[in-house]
Amino acid sequence: MTSQMLSGVNVVEIAEVWAGPFGCSLMGDLGANVIKVESYPRKSETRNAGDPRIDPRVAEGEGPIYERINTHHHGNRNKQNIALDIRTTEGREVMSRLIKWGDVLVESFSAGTINRLGYGWDSIKEINEKITMLSLAGWGQEGPYLGRIMFGVGFDAMAGHSLIRGYQEDTPEEMIPILHSDATVPLTWIVAVIGSLMQREKTGLGSYIDLAQIEDIAWQFPGIISEWSMNNRIPKPQANTDACIVPHECYQSAGEDRWINIAAETDLQWQSLANFMEHDEWSELGHPWSSIVGRIKDRKLIDDKINEFTKKYDPFELADQLQAKGIIAAPVLAPPDPLMSPQLHARNWFQIIDHPYIPERLLGGFLWKVQPDMPSWDKRAALVGENNNDILMQLGFSSTDIAAMKEKDIIGDTYVEERT
Amino acid sequence: MEQPLVDLRVLEIGGSVAVSAAGKKFADFGANVIKIEPPTISEVRKIPPFPDDNFHIDHGAMHLAFDTSKKSMILDYSTNSGKEILKRMSSDSDLIIIDLPAKDSEELINLINSDAGSSTNIVTITPHGMDGPYKDRVENDLSIFGWSTRSHRHSISGRAPLRYGPYAGIVQIGSTAAAVGIAAVWGRKADGIARVVDISGVEALMGNVDSAFFLWAVNGATQPRSSGQSRGLYPMGAYKCKDGYMLFSAGRDPMFTKLCNAIGRPEVAKDQRFIDPEQRPSHFEDFKKILEEWLITKNKYEAFDHFQEHGVMACPVLDASELQNDPQTVFRQSYIVREQPGLGDITLAGPPFRMGGLHSDSWVSTAAPNFGQHTNEILKQYKYSNDEIIALFRAGVTT
């Protein structure tokens, strides 16, 4: 059984993509009872593949493609699943009972959508005044951008992060789109909803939480706005460098497309690195590189020297040797490299998940370990509608009711494949 | 409204960016957070930028942002006298977040939880976790990102992998500590069990939803390293317009068709060169030319309005000088200006979420403390006499 910190907390998820669903999985890891209300009959975004001939997100195996897409699996462990058309009368009744059952409701539609569907905060609190409702629209629920659409990559661009994370000499055209907010927003909203539950202990009432993903990104990068407000400068891409630390770079290693990150933050670390490279003189008093001031002046020359050196070594072996000398060094991993980490194996980090439609694989593990109750992957990502009956029975619907909903296609356990 | 975390007492130990970010998530929502800083100066205070590029221990941007609403105490917790103080302070704390080398964290865990029946929730942050062959490794912002699998994916073939913006990974690790930390507090109130949480920075990053490892693990296929502008599922990435760049995520239908309509070229959405998955990559440059011919006549906010009216996922790429003037951030007051004693007005990001309304007072950001500003006050709060406080100062335990 997984951790029990949130035992007894009931979470209802009507969320798409990652920022909502992955946070709900983390709540599940922590012991909450999570029910994912999955879009039906339209597929969830994370179950949509492109053409499987060229879409690398689709795992090999038998069964529906929408059950084999990697973007869906990781964000949906430790939940139950009901596939429900929430726009129908019967679907609304199911939702109403779920809202009564829930302590937390998580939605991630673009701003305004949830109100148009009839599930705005005013309606929700009429059904259950104790519930906490969380909305995750990228620009938040109020303001001139109400109704506009985008996802993580765009919020990154509008928060100023995109322009500081590329290669120093490149234009934004070479800026790699990333989904950083999908990873970080769940961590923030868990604080928000548990904070709301704590407040409910005193007031007896739930709260509405409006989390604008772009504001959470802004929160994470104080250096961007401060460089402008303090010094009237627009920060430029720093790539892998740090203005105050040399060396601080990603260097080539032996082999194709192999790399190692190395940094020496102190004179002592630099001394160890110079010694390892058999150039003790670089750290002896009097040599310009013995001082951080001199090293910063000669950044490129030093990087060139280190690059020539690291090219001869395997990045894992070299990192082992440098770390043994107290030097900051790490191989740059690309899948499947994590499987080579003795550390991750020693900590039993990898998880083996049994799934009916994808081959047995070692998947990534949890974000934390907890004593005395460790997290565990109790429920793999549920198949669409896998728990329809159990959930509906739990909510007090009869077998006849359930059969009628299935007959009217209000619930389901298969999607129509649009592309095969 | 009363701040939601007003009843919580949190100690943060170590002075790193990660532990400071974790503590801020509690402090700005009302928790009583004490930042226990080493006499050797917290890392978070050393990181630029500084106003007018003048170093000051209390004026670094990271410190000013991540230490708001906290109290600062200087304590040498490597000494027995310091440990005694820490032990006393831990007795009424709901949560203690520690970012120290594993062996030091282990020692503090044993100290804090040494008395039977008086344990406290503790979260440790280390690069590789509290056990295993790498537990004593030293990592930083750059190196740990290399482990995360993101660097390699965040790069262009043949060129060096890239980290994200400085401290992106470290702040994410701190946010992870906050998420599980508040769950531990809730759990203890419910079942009386104090938890010890072990956060390995590598696992916190690699286990998150955007991990390249996970994407590989499910399907077993290696995905190619990205390019800036997608050559297959275009337009994805930044494209030049009249006064800067627009960011698009409109490669799939129905978005692609909407985009073609929006630029007055509906025929493109029906052209096999641009929609057949096998032909598409070889016609990227042709499409780019079509899109840029339209874009180059529009400034980014014109283009933003136009594309959004057509239901296309597109938005401007903003730099630091533009953030505060964006209409949405102005409306929501996403950035705030407030006075920092001894410095004047500073600009900070506002709340990461709004509880109880856009401008509710559930989030209150007060000035970041000066180094050791509250040492004396806190020692008195924990019943140390003036003579004892002087003795601790003379012994170098506090300053």
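Residues numbered from 1 in each chain as written. Chains lettered and ligands numbered in written order. Predicted model: local features only at pLDDT ≥ 70, side-chain atom pairs only at ≥ 80, totals over all residues.

A. Representation of the overall build of chain A within the structure. Tallying secondary structure elements over chain A gives 16 helices and twelve strands in all. C-alpha atoms of chain A, sized along the principal axes, occupy 85 × 50 × 45 Å. The buried share of chain A, reckoned over its 420 residues, is 54%. The long-range share in chain A, meaning contacts at least 24 apart out of those at least 6 apart in sequence, stands at 72%. (Helix = DSSP H or I, 4+ residues; strand = E, 2+ residues; numbered from the N terminus. Buried ≥ 20, exposed ≤ 12 C-beta atoms within 10 Å, placed from the backbone. Contact = placed C-beta atoms within 7 Å.)

B. The environment of R150(B), seen in detail. Residues and elements named next belong to chain B. Here R150 is to be found in helix α6 (residues 150-153). Judged by local crowding, R150 falls into the buried class, with 30 C-beta atoms found within 10 Å. Not counting chain neighbours up to four residues away, the residues in contact with R150 comprise F145, L205 and A212.

C. A look at the packing of helix α1 (residues 19-29) of chain A against helix α7 (residues 180-203) of chain A. Residues and elements named next belong to chain A. Their axes nearest at 8 Å, the elements α1 and α7 cross at an angle of 50°. By the angle between their axes, α1 is oblique relative to α7. The two elements α1 and α7 meet at a crossing, and its hand is right-handed. Facing A19, F22, G23, L26 and M27 of α1, the residues of α7 in contact are S181, D182, V185, P186, W189 and I190. Grouping the amino acids of the contact of α1 with α7 by side-chain chemistry returns eight nonpolar, two polar and one charged. (Axes fitted to C-alpha atoms, helices over the stretch in contact; angles between N-to-C directions. Parallel < 35°, antiparallel > 145°, perpendicular 65-115°, else oblique. Left-handed = near helix turned anticlockwise from the far one by under 90°. Nonpolar A, V, L, I, M, F, W, Y, C, P; charged D, E, K, R; others polar.)

D. Local environment of the sheet that holds strand β9 (residues 328-331) of chain A. Residues and elements named next belong to chain A. Pairing within the open sheet is antiparallel, and its three strands lie in the order β7-β8-β9. Looking at strand neighbours, the two that pair on one side only are β7 (248-252) and β9, the edges of this open sheet. The sheet shows a mean angle of 20° between the axes of neighbouring strands, direction not considered. Where strand β8 (residues 259-263) and β9 come together, four bridges link them in antiparallel fashion. Within β9, the residue paired with I260 across the bridge is P331. Packing of helix α12 (residues 299-310) onto the sheet brings it into contact with β7 and β8, and relative to β7 it is tilted by some 35°. (Pairing = 2+ DSSP bridges.)

E. Unusual backbone geometry, seen in detail. With an omega of 5°, the peptide bond between Y40(A) and P41(A) qualifies as cis. Following the sequence through the fold, P41(A) ends up in the loop between β2 (33-39) and α2 (70-73). Across the junction of D253(B) and P254(B), the peptide omega takes the value 10°, indicating a cis bond. In this fold, P254(B) is placed in the loop between β8 (244-249) and α10 (255-262). Non-glycine residue N78(A) carries a positive phi angle of around 55°. Tracing the chain through its elements places N78(A) in the loop between α2 and β3 (80-84).

F. Representation of the pairing of strand β5 (residues 121-126) of chain B in the model. Residues and elements named next belong to chain B. Of all six residues that make up β5, six are buried, and the element is covered over most of its length. Burial along β5 is two-sided: the face carrying N121, V123 and I125 and the face carrying I122, T124 and T126 are both buried. The pairing of β5 with strand β6 (residues 196-200) spans five bridges and is classified as parallel. Residue V123 lies in a different strand from β6, and its bridge partner there is V197.

G. Layout of helix α4 (residues 102-112) of chain B. Residue and element names in this part refer to chain B. For α4, the full list of buried residues reads A102, S105, L108, I109 and I112. In a view along the axis of α4, the buried residues occupy a sector of 125°, so they form one face of it. For α4, the exposed residues set more than 90 degrees away from the buried face come down to K103 and N110. (Arc of directions from axis to C-beta.)

H. Fine view of the confidence of the model for chain B. Confidence in the prediction of chain B, expressed as mean pLDDT, is 95, and 98% of residues score 70 or more. Scored as a whole, the predicted complex attains pTM 0.97, and scored at its interfaces, ipTM 0.97. (pLDDT = per-residue confidence, 0-100.)

I. Layout of the sheet that holds strand β12 (residues 369-371) of chain A. Pairing is mixed in the open sheet, where seven strands are placed in the order β12(A)-β6(B)-β5(B)-β4(B)-β1(B)-β2(B)-β3(B). Strands with a single pairing partner mark the edges of an open sheet, and in this sheet they are β12 of chain A together with β3 (71-74) of chain B. Within this sheet the neighbouring strands show an average axis-to-axis angle of 20°, counted without direction. As paired strands, strand β2 (residues 32-37) of chain B and β3(B) are joined by four bridges and run parallel to one another. Paired with E37(B) across the strands is I74(B), a residue of β3(B). Its contacts with the sheet put α4(B) on β4 (95-98), β5 and β6 of chain B, and the angle it makes with β5(B) is roughly 175°.

J. Spatial organisation of the interface of chain B and chain A. Of the residues lining the interface, 124 residues belong to chain B; the matching set on chain A comes to 132 residues. Sort the elements by how many residues they give to the side of chain B that touches chain A and helix α7 (residues 168-191) of chain B lands first, with 15 residues. Class assignment of the residues belonging to the side of chain B that touches chain A gives a composition of 69 nonpolar, 36 polar and 19 charged. Here strand β6 (residues 208-210) of chain A runs beside strand β12 (residues 354-355) of chain B; their pairing, made up of two bridges, is antiparallel. What sits directly across from I209(A), in β12(B), is M355(B).

K. Just the nonpolar core, in detail. Residues L134(A), I190(A), A183(B), M246(B) and A314(B) are the most contacted members of the largest nonpolar core, which totals 239 residues. The element best represented in this core is α7(B), accounting for 13 residues. (Core = buried A, V, L, I, M, F, W, Y, C linked by C-beta atoms within 7 Å.)

L. Quick peek at the domain arrangement of chain A. Under the domain assignment, chain A is made up of domain 1 (10-220 + 350-407) and domain 2 (248-340). The distance between the C-alpha centroids of domain 1 of chain A and domain 2 of chain A comes to 42 Å. (Domains from an automatic or database assignment.)

M. A look at the environment of Q229(B). Structurally, Q229(B) is set in the loop between α9 (212-219) and β7 (236-241). The spatial distance from the C-alpha of Q229(B) to the C-alpha of D243(B) is 19 Å, given a sequence separation of 14 residues. For Q229(B), the contacting residues outside a window of four places in its chain are E173(A), Y234(B), M236(B) and G237(B).

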